[in-house]
Amino acid sequence: MNRTFAVKVPGTLGRMSPEALSELIETIAHDLVAAGKAGTLTDDLIPETAKFAVMRPKDRAHGDWASNAAMQLAKKAGMKALIITHIGALGLYLGAAIVFAHTGTFAITAIAGLDAKLKAIVLLLVLFAAWAKSAQVPMYMWLPSAMEAPTPVSAYLHGASMVKVGVCVFARALVSAGEIPEIVGWGAIIDAMVTMLFGFLMYLPQKDMKRLLAFSTIAQLSYVFFGLGLSVFGSQLAFDGAVCHIFNHAFAKTLFFLIAGSFSFTLGTRMLPKLRGIVKKYPISSVGFGVAALAIAGVPPMNTFFSKFQIIAGGFSVGAGNVAILVLVCIMVAETVATFAWFLKWMGYCLPGEPSEEVAAGAPLPRAMAFVFIVLIIMVIVSGPLSASWIG
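Residues numbered from 1 in each chain as written. Predicted model: local features only at pLDDT ≥ 70, side-chain atom pairs only at ≥ 80, totals over all residues. Heavy atoms only, no water.

Asker: Can you tell me about unusual backbone geometry, naming the residues and giving the values?
Answerer: Cis geometry marks the peptide bond from Val 137 to Pro 138, where omega comes out at 10°. Tracing the chain through its elements places Pro 138 in the loop between helix H4 (116-133) and helix H5 (142-145). With omega at 5°, the peptide bond leading from Pro 300 into Pro 301 counts as cis. On the secondary structure map, Pro 301 appears in the loop between helix H12 (283-297) and helix H13 (303-319). With a phi angle near 55°, Ala 135 is a residue other than glycine that sits in the positive phi range. Position of Ala 135 among the secondary structure elements: in the loop between H4 and H5. (Helix = DSSP H or I, 4+ residues; strand = E, 2+ residues; numbered from the N terminus.)

Here is the structure:
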């Protein structure tokens, strides 16, 4: 599909103000993202690679231009994301080249026609690309730095766009590949386990709420890779849970990021040690904080409980005949419990008690924000059964 980009440039780039330049980049990025999403439902590997390439500029475009120091941090974060994700994209390009060289087509379904060795190579290359896009070890470094973006962009980045591209492309490749060599499953679940544990360990030193949520996203996406890897060993339930988790995590993480943004807006800080007694001053924000934290931890009746349960149940089913997988599933359960304990700790610190100085001096929560929080709280609770019913 041909697409023409028409952008009005207000003067030469050299004379543009930071605000005008930011607006220009945002306009270009908006069209690029729209073009990238157009490739999501296609059947060719080439549109998938194009989608990998164009989803990144939207996020690079939203650095904080309020000060020169912030602008420099945003530029470094954008460059880091550009380099790392495009290194990963090489895997998708190489995989597409191998498919074309042996089948004469870029159709993703052509993977099924390859022999076992070539199929394993192509799927592992796609997996490598997915790691970069979904910020898995060892390609995770760009995502925490991307927290320089404004919070609404972070919510979009983590909830609906950038980081979900990798897992979606890998899931589509598995569905289209027919019988899959087990080495692909082992690669997926082992890296998922390493990323899961790394993400949890990185929770511990974080005081900035957005950086904590960034590492949370890294860990949550490792659950998806773990479920997709288990499907290679025959667990359709784990695959369904992984797909549901992509959907469910979007609502929980969007809510959590927007709560963090509301704190920055009303209190002037999102540093967790400064947030005490929120429930007395901001009851709706407090409910949103609690619901989002419980959802990230996978506590019923929150939506992620249902998808995590499917992944874990599928893992135990496969683990009944494979001790190594059974051990990994048990570690995942332990990590989930530890995540619940850590978020419960911050809930107990931030929500009850007398308001801290920053909270007491905070501005009122705008009604528009409160309305969005209420909608997302409802969706976090109801979307779990909804997604499970869709999958069947």
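Next comes the rest of the account.
Asker: Explain H4 to me, using residue names and the numbers behind them.
Answerer: Here H4 is 18 residues long and its end C-alpha atoms lie 26 Å apart, about the 26 Å a rise of 1.5 Å per residue gives. Along H4, 13 of the 18 residues are buried, which leaves the element largely enclosed by surrounding structure. Its side-chain oxygen at 3.1 Å from the backbone nitrogen of Lys 117, Asp 115 defines the N-terminal cap of H4. Remark: Ala 135 follows H4 within two positions and exhibits a positive phi of approximately 55°. (Expected span 1.5 Å × (residues − 1). Buried < 20%, exposed > 50% of the residue type's maximum accessible area, 1.4 Å probe, protein only. Polar contact = N/O pair within 3.5 Å; in protein donor to acceptor, adjacent residues only side chain to side chain.)

Asker: Before we move on, could you go through the side chain of Thr 195 and cite the residues and values that matter?
Answerer: Within the secondary structure layout, Thr 195 lies in helix H8 (residues 182-203). What Thr 195 contacts, discounting residues up to four positions off in sequence, is Gln 136, Val 137, Ile 218 and Ser 222. (Contact = heavy atoms within 4.5 Å.)

Asker: Give me helix H16 (residues 367-391): which residues, what numbers.
Answerer: The terminal C-alpha atoms of H16, which comprises 25 residues, lie 35 Å apart, in line with the 36 Å expected from a rise of 1.5 Å per residue. Of all the bends in H16, the greatest, near 45°, is centred on Val 382, and the proline Pro 385 appears no more than four residues after it. Those residues of H16 lying buried are Ala 370, Phe 373, Leu 376, Ile 377, Val 380, Ser 383, Gly 384 and Ser 387. Along its buried surface, H16 packs onto helix H10 (236-267), H12 and H13. (Bend = angle between axes of the 7 residues up to and from the residue.)

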